[in-house]
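Here is how the chains run, residue by residue.
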Amino acid sequence: MPGIDKLPIEETLEDSPQNELSAATHLTSKLLKEYEKQRFPLGGDDEVMSSTLQQFSKVIDELSSCHAVLSTQLADAMMFPITQFKERDLKEILTLKEVFQIASNDHDAAINRYSRLSKKRENDKVKYEVTEDVYTSRKKQHQTMMHYFCALNTLQYKKKIALLEPLLGYMQAQISFFKMGSENLSEQLEEFLANIATSVQNVRREMDSDVETMQQTIEDLEVASDPLYMPDPDPTKFPVNRNLTRKAGYLNARNKTGLVSSTWDRQFYFTQGGNLMSQARGDVAGGLAMDIDNCSVMAVDCEDRRYCFQITSFDGKKSSILQAESKKDHEEWICTINNISKQIYLSENPEETAARVNQSALEAVTPSPSFQQRHESLRPAGQSRPPTARTSSSGSLGSESTNLAALSLDSLVAPDTPIQFDIISPVCEDQPGQAKASGQGGRRTNPFGESGGSTKSETEDSILHQLFIVRFLGSMEVKSDDHPDVVYETMRQILAARAIHNIFRMTESHLLVTCDCLKLIDPQTQVTRLTFPLPCVVLYATHQENKRLFGFVLRTSGGRSESNLSSVCYIFESNNEGEKICDSVGLAKQIALHAELDRRASEKQKEIERVKEKQQKELSKQKQIEKDLEEQSRLIAASSRPNQASSEGQFVVLSSSQSEESDLGEEGKKRESEA
């Protein structure tokens, strides 16, 4: 069967050490010929070494039949250097490897203890001990790694020496043994051996020089790398690079193990195109952690751990919370993922493109005077701003170029307008049917309109309840509220300001859309954070390109302007639901409009009925008055006649007052007669 080496049965009786030495010599020649086929991790193609070994193999083949008597000399000149190389040099490498593994494990343990430092309950003594532990372990790991690399580099030279020096001793033993066969050794071969001896000495001197250089490099790196041993280096000495499109490093990933419990695993993360890859220690290759094209990234506070950030996929179905080792890594990871999310890595020079984008963001916060002057110069003289229709849904957001050209930047956003990045209570609290902020700030709200009490609010009586997950980006006062370009310009300035000031944290809330108002509800406690009365929402729109962004303008009382009313634009980010939210707001306003029209019609009908009822009462009262007057007239006419009966037996019916007067008159007459 081919490929299997067999023992020669014919040579079983020839038990001679010389045959074994000859076979070993022949095997050595064969291995030397196959040296050029070997591939070492740090070694390249060395043609000189290969040709030298090929020449050695030819000479060894010629002398392989005369080596039986050289076993003693070979043991001293050949086997001893090889054994020493194996037992001393290789054992040193293995020992350094174990020391490096121990130092790496100690560094990981120190990093884990530092990562578990409490941010809420700071203990200077514990923090100092943990920081000192990280410093010591990281320095020890660095020193061990440098010595380990130095030993590996030295091993490359020792490998050549361990191969060439035994061969040289072997050849010298052959020459001394075969004094009588010196005619077989030509001058060319002696010159070759002399060159090899010189080459070995040169390699040794080069190794010594390289070792000395590496030792000096180690000392210089120890001094230069001293600040890097700290877990959180000084940002002034090591500034944050915001133009990266590729990054790699260790991060702590949060893995949920239950409803409220979670664990943190330290893994090596690296970006590859539009993907975030992760690789655990000991794995051969990394795996896909998340697709970060069109994703969203923001800094978050998570379980009393610092330097955490959250990555959410473009469809919002997958999210991951990671923790960086330092503030610098934290900001660089967020900036890198943000640049990859914008697909900057697809350009020819990604870092220059990212730098231009960031520079554009810097210039976009406040329009330059030159741009405004050019904008004003392009406007025709005497042209007045055309009336624009108020946007009612996201489907009517297309603005014509003529209308856009007619709007100046100053007419959209007031100069030097501050940007609010945190959620604040609205100032529109005096609208009819809306409760004061003090009475609604701490009340829990059921987003589905179910009430557990006996009373129901106006929101619970609303026929429209739609809930969306949104993240608040910022708000600022605007000068106009009759064109969607106001929302676009506000989005641009808020996003640019966030990029400039390195603000990545966003507050996530539930946006409840009803026919009465818009509510921001805390997703954890279901407490209403903010209420926007629907009549105050006068404009809303989504971003023209990024449909996850949407905003609306709230007309409130007071503000920076001199008039009683001011307009504030609020900008949010959703999970690809910007158009749906605008459609929902438009539907709510339509329902509210129809409800208001029905209410006004009902009130008008009730007013008409009240007028009719009032007229009916007035008419009844008038008839009663006329009847009373007629009765009084009849009584007056009857009282003016003589109070006696007629001859026909008829008599006059007197009123009670008249009968009383007649009785009094009769009694007076009786008293006069008695007197």
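Below you will find a few notes about this structure. Residue positions are given per chain, counting from 1 as you read along its sequence in written order. Predicted model: local features are reported for residues with pLDDT of at least 70 only, side-chain atom pairs are reported and counted for 80 or more only, and whole-chain, interface and lining totals are derived from all residues. As a convention, hydrogens and water are excluded, and side-chain values are obtained from all of the structure's heavy atoms.

Some points on the pattern of salt bridges
For clarity, the cut-off: When a carboxyl oxygen of Asp or Glu is within 4 Å of a side-chain nitrogen of Lys or Arg, the pair counts as a salt bridge. Counting from the N terminus, the helices are the DSSP runs of H or I reaching at least four residues and the strands are the DSSP runs of E reaching at least two.
Evaluation of the coordinates by the stated rule reveals 25 salt bridges. One salt bridge in this structure joins aspartate 108 and arginine 266, with 2.6 Å as the shortest N-O distance. Here aspartate 108, found in helix H3 (residues 71-115), pairs with arginine 266, found in strand E2 (residues 262-272); they are 158 residues apart in sequence, far enough to count as distant. Across the salt bridge formed by aspartate 108 and arginine 281, the nearest N and O atoms sit 2.6 Å from each other. With aspartate 108 in helix H3 and arginine 281 in the loop between strand E3 (275-279) and strand E4 (287-291), the pair connects residues that are 173 residues apart, well separated along the chain.

Here we look at the side chain of threonine 131
Our working rule: Exposure classes here rest on a 1.4 Å probe applied to the protein chains alone. A residue is buried below 20% of its type maximum, exposed above 50%, and partly exposed in between. Whether two residues touch is decided by their heavy atoms; if any such pair falls within 4.5 Å, the residues are in contact.
Looking at the element boundaries, threonine 131 is found in helix H4 (residues 124-177). Exposure remark for threonine 131: the relative accessible area of 14% places this residue in the buried category. If we skip the residues at most four places from it in the chain, threonine 131 touches Tyr114, Met230 and Pro231.

Points about the sheet that holds strand E6 (residues 305-312)
Heads up, the condition is: Paired strands are those between which DSSP finds at least two bridges. Every axis corresponds to a line fitted to the C-alpha atoms, with the helix fit spanning only the stretch in contact, and the corresponding angles, defined between N-to-C directions, vary from 0 to 180 degrees.
Spatially, E4-E3-E2-E1-E7-E6-E5 is the arrangement adopted by the seven strands of the open sheet, whose pairing is antiparallel. The two strands at the open ends of the sheet, each matched to only one other strand, are E4 and strand E5 (296-302). Across the sheet, the axes of successive neighbouring strands diverge by a mean angle of 40°, strand direction being ignored. Both strand E1 (residues 248-256) and strand E7 (residues 319-323) contribute to a ladder of two bridges, which runs antiparallel. Paired with alanine 253 across the strands is leucine 322, a residue of E7.

Considerations on the nonpolar core
The test is simple: Residues belong to one nonpolar core when they are buried, are Ala, Val, Leu, Ile, Met, Phe, Trp, Tyr or Cys, and are joined through side-chain atoms within 4.5 Å.
Counting 25 residues, the largest nonpolar core has Leu518, Phe532 and Phe552 as the members making the most contacts within it. Secondary-structure elements contributing two or more residues to this core are strand E8 (466-478), strand E9 (507-513), strand E10 (517-521), strand E11 (528-533), strand E12 (537-542), strand E13 (549-557), strand E14 (565-574) and helix H12 (578-639). When residues in this core are grouped by element, the largest group, four residues, is from H12. In contact with leucine 518, not counting residues within four places along its chain, are Leu511, Leu512, Val513, Leu530, Thr531, Phe532, Leu534, Val537, Phe552 and Val585.

Description of the packing of aromatic side chains
To be explicit about the condition: Each Phe, Tyr or Trp ring, with Trp reduced to its six-membered ring, pairs with another whose centre is within 6.5 Å; inter-plane angles below 30 degrees give stacked pairs, above 60 give edge-to-face pairs, and intermediate values give tilted ones.
Under the criterion given, the structure shown has 13 aromatic pairs. Aromatic side chains phenylalanine 268 and phenylalanine 270 sit 6.2 Å apart centroid to centroid with 35° between the ring planes, which places their arrangement in the tilted category. By relative accessible area, phenylalanine 268 is classed as partly exposed at 28%. Taking 4.9 Å as the distance between ring centres and 65° as the angle between the ring planes, the aromatic pair formed by phenylalanine 532 and tyrosine 570 counts as edge-to-face. With a gap of 38 residues between them, phenylalanine 532 in strand E11 and tyrosine 570 in strand E14 connect regions that are remote in the sequence.

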